[in-house]
Number of protein chains: 2
Amino acid sequence: MGVVIPLDEKKNQAASVKPLQDLTKADMERVNQLILAKAGSHVEMIPEIARHLIASGGKRLRPMLTLAAAQMCGYAGDHHIKLATSVEFMHTATLLHDDVVDESDMRRGSSTARIIWGNQASVLVGDFLLGQAFKMMVEVGSLDALDVLSSAAAVIAEGEVLQLSVAKNMETTEDDYLAVIRAKTAALFAAAAEVGPIVAGSDKATRKALSSYGTNLGLAFQLVDDVLDYGGKAADLGKNVGDDFREGKVTLPIVLSYRRGTEDERAFWRSAIETGENNDVALEKALGLMTKYNALSDTIARANHYGDMARDALAPMPESPHKAALLEVIDFCISRVT
Amino acid sequence: MGVVIPLDEKKNQAASVKPLQDLTKADMERVNQLILAKAGSHVEMIPEIARHLIASGGKRLRPMLTLAAAQMCGYAGDHHIKLATSVEFMHTATLLHDDVVDESDMRRGSSTARIIWGNQASVLVGDFLLGQAFKMMVEVGSLDALDVLSSAAAVIAEGEVLQLSVAKNMETTEDDYLAVIRAKTAALFAAAAEVGPIVAGSDKATRKALSSYGTNLGLAFQLVDDVLDYGGKAADLGKNVGDDFREGKVTLPIVLSYRRGTEDERAFWRSAIETGENNDVALEKALGLMTKYNALSDTIARANHYGDMARDALAPMPESPHKAALLEVIDFCISRVT
């Protein structure tokens, strides 16, 4: 199951994360070593779970943002290694807690930690990684970086709670949904990018440019993720088509389909999402309505809008390989869906 | 059900937390205001849960330690208010996550947040309060205080994971159990007391004295709590006698009873704790064995030992009403059981 998503433009097809990976390769090796070192504990279950999460992959996009942003701003020290590791730990802690909250069984094609070790360990190891993240930030000793990252931690948690309140609620507007993903996804992208210029001692304008870049990249990234749940390369990502639908998650494709639909169609959405009548037949119908109302391609159009904002946020920065790589990541994030 | 705990000495009977409360009264009012302000959020569920936790009481012993320690060290600013509030938020976040991990229904005589709002909200609001705690610490701007509190956060989580591995395991030694409570309880008491001299700019010896006082007070406090679960004034605390027993928690009274018992008695403990044969008849038998082997009174003796260590940790400090109040709190914590 799943749909083919029509796209107006093919310009993004060749975009890649590889330039960013190449520029940050040496630093990322140090981050990976630090991840293993700081996830260590004499309490056996902690390194076990940490290794599971590390082995199950992911692109490590967030720490790469920190590293590239610091390099782009001419930073020559090594505080960015600890901050990038902190960012990845904050992300991992969020994933562990999210899987418990969402009762997820699979992530990136592997069983989730909560399935293997239980909800209890997932909650507590998440807390441990968050504690380690803060310890590393404190070691770096930058109050500005601490401010940005601790504020992000509070906003992320607030966004997750907000998400609970919009779950299974068909009255969710596009603005409501944006408020959720701005908090739960974009805030960490923004913080990851902003701590780069902070350790580099860059000026306020540069900090704001990278923070805004991160915010809008995060929004684009999340919207594309939401589309991927309904088709595209979802299977490659180890996700099942329609997981969000079955969990009653009201993402933008559903918001658009609902608001553009007829009364009968809206009744269908309410029974599927709010009452939970979401078997495979219902999913087929949902995919049909998304196609009918261009809900997936328009979600991608929205993602492109935020991608454009991210691009303009970086525009005043001097040209450099790092700037080019960060710009290409925008296209890469969006091209995942094509 | 429950047992009367024989005590050799009655010296603690009159000890009270009141001198500490009186000395910190004005500051605690500011802490309570800050708790309400910082638990606020436009996400409705967050202040609701926070108010529930605040209304359900508790003595706020940890923030009072921070306030009294700062005052004792001659601190005249107001950073201790934010740090005391951070300490209470860290504690509250731990309670929220603990209740999810332990699947607890009741705390302090009220339904737990997870029963009213669900596990999901409890996990996420805990994360939110932890984020707010770190934000406040960052506002204070003391890297030493941040170091102490973020290290405590990591140790607490590590202790909670460690607790999972000793749960339902009758091979747990007294040392194993001490390692758990040193991390999950004593670390926050120690940090709460140590950030007082830190904001006051006191010397290393004073910091170490208060940290050691906090550690040992925390150990005594937790051991007494474990005894209270089997009798004493448990009912007053809104707890049911034997909750720990039914949850298979191996606390010191069980460790001592098991190790002092006959082969048959050890078989009973294994079936009760490891296999879960823990009905009311089994609880009566468990209480009988605890009495037979003086396990409860000897746990109190152990608590007195840590109380003595806490007292000696403070001994070099100059006499003051604050020192007297902190010393009296040791006796108060232990007297809760008599």
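Provided above is the structure to which this section pertains.
Reading the values: rules and limits
- Residues numbered from 1 in each chain as written.
- Chains lettered and ligands numbered in written order.
- Predicted model: local features only at pLDDT ≥ 70, side-chain atom pairs only at ≥ 80, totals over all residues.
- Heavy atoms only, no water.
- Helix = DSSP H or I, 4+ residues; strand = E, 2+ residues; numbered from the N terminus.
- Rg over C-alpha atoms; globule rule 2.2 N^0.38 Å.
- Contact = heavy atoms within 4.5 Å.
- Areas by Shrake-Rupley, 256 points an atom, 1.4 Å probe, with all protein chains shown as cover.
- Lys, Arg positive; Asp, Glu negative; His and termini not counted.
- Charge placed at Lys NZ, Arg CZ, Asp CG, Glu CD.
- Phe/Tyr/Trp six-rings, centres within 6.5 Å; stacked < 30°, edge-to-face > 60°.
- Buried < 20%, exposed > 50% of the residue type's maximum accessible area, 1.4 Å probe, protein only.
- Lys NZ or Arg CZ within 6 Å of the ring centre and 35° of its normal.
- Least-squares fit on C-alpha atoms with pLDDT ≥ 70 in both.
- Polar contact = N/O pair within 3.5 Å; in protein donor to acceptor, adjacent residues only side chain to side chain.
- Axes fitted to C-alpha atoms, helices over the stretch in contact; angles between N-to-C directions.
- Parallel < 35°, antiparallel > 145°, perpendicular 65-115°, else oblique.
- Left-handed = near helix turned anticlockwise from the far one by under 90°.

A. Spotlight on the overall build of chain A. If you tally the helices and strands in chain A, you get 15 helices and 2 strands. Compactness check: chain A gives a C-alpha radius of gyration of 20 Å against a globular reference of 20 Å for 338 residues, within 12% of the reference. Overall, chain A is about 60 × 50 × 30 Å in size when its C-alpha atoms are taken along their principal axes. Within chain A, contacts between residues at least 6 apart in sequence are counted, and of these 78% link residues at least 24 apart. Accessible surface, chain A as shown: approximately 12700 Å² in total, 49% of it carbon and sulfur. Distance between charge centres in chain A, computed from 35 positive and 46 negative side chains, equals 3 Å.

B. Just the packing of aromatic side chains, in detail. Inspection of the entire model under this criterion finds 7 aromatic pairs over all chains. Judged by centre distance (6.4 Å) and plane angle (75°), the rings of Phe-245 of chain B and Trp-269 of chain B are edge-to-face. Here Trp-269 of chain B lies in helix H12 (residues 263-274) and Phe-245 of chain B lies in helix H10 (residues 243-246), a separation of 24 residues in the sequence. Owing to a relative accessible area of 0%, Phe-245 of chain B belongs among the buried residues under this scheme. One aromatic cluster is present, formed by Phe-245, Phe-268 and Trp-269 of chain A through successive ring pairs. A cation over an aromatic ring shows up here: Arg-266 of chain B above the ring of Tyr-258 of chain B, its NZ or CZ 5.8 Å from the ring centre.

C. Geometry of the relation of the copies chain A and chain B. Its rotation angle being 180°, the transformation that places chain A on chain B also includes 0.0 Å of axial translation and leaves an RMSD of 0.0 Å. Both copies of the chain, as the preceding transformation shows, are related through a two-fold rotation axis. Closest approach to the rotation axis among the C-alpha atoms of chain A is made by Val-123 of chain A, whose C-alpha sits 3.7 Å away. The fraction of interface residues of chain A whose copies in chain B are also interface residues reaches 100%, indicating that both copies meet through the same surface.

D. Looking closely at the side chain of Glu-265 of chain B. Residue and element names in this part refer to chain B. Position of Glu-265 among the secondary structure elements: in helix H12. On the basis of relative accessibility, which here comes to 9%, the residue Glu-265 falls in the buried class. There is a polar contact of 2.5 Å between the side chain of Glu-265 and the side chain of Lys-292.

E. Region of interest: the packing of H12 of chain B against helix H13 (residues 280-292) of chain B. Residue and element names in this part refer to chain B. Where H12 meets H13, the closest approach of the two axes is 11 Å, and the angle between their N-to-C directions is 135°. Between H12 and H13, the crossing angle belongs to the class labelled oblique. In this structure, H12 meets H13 at a crossing whose hand is left-handed. Counting all contacts with H12, which are made through Glu-265, Phe-268 and Trp-269, the residues of H13 involved are Ala-282, Lys-285, Ala-286, Leu-289, Met-290 and Lys-292.

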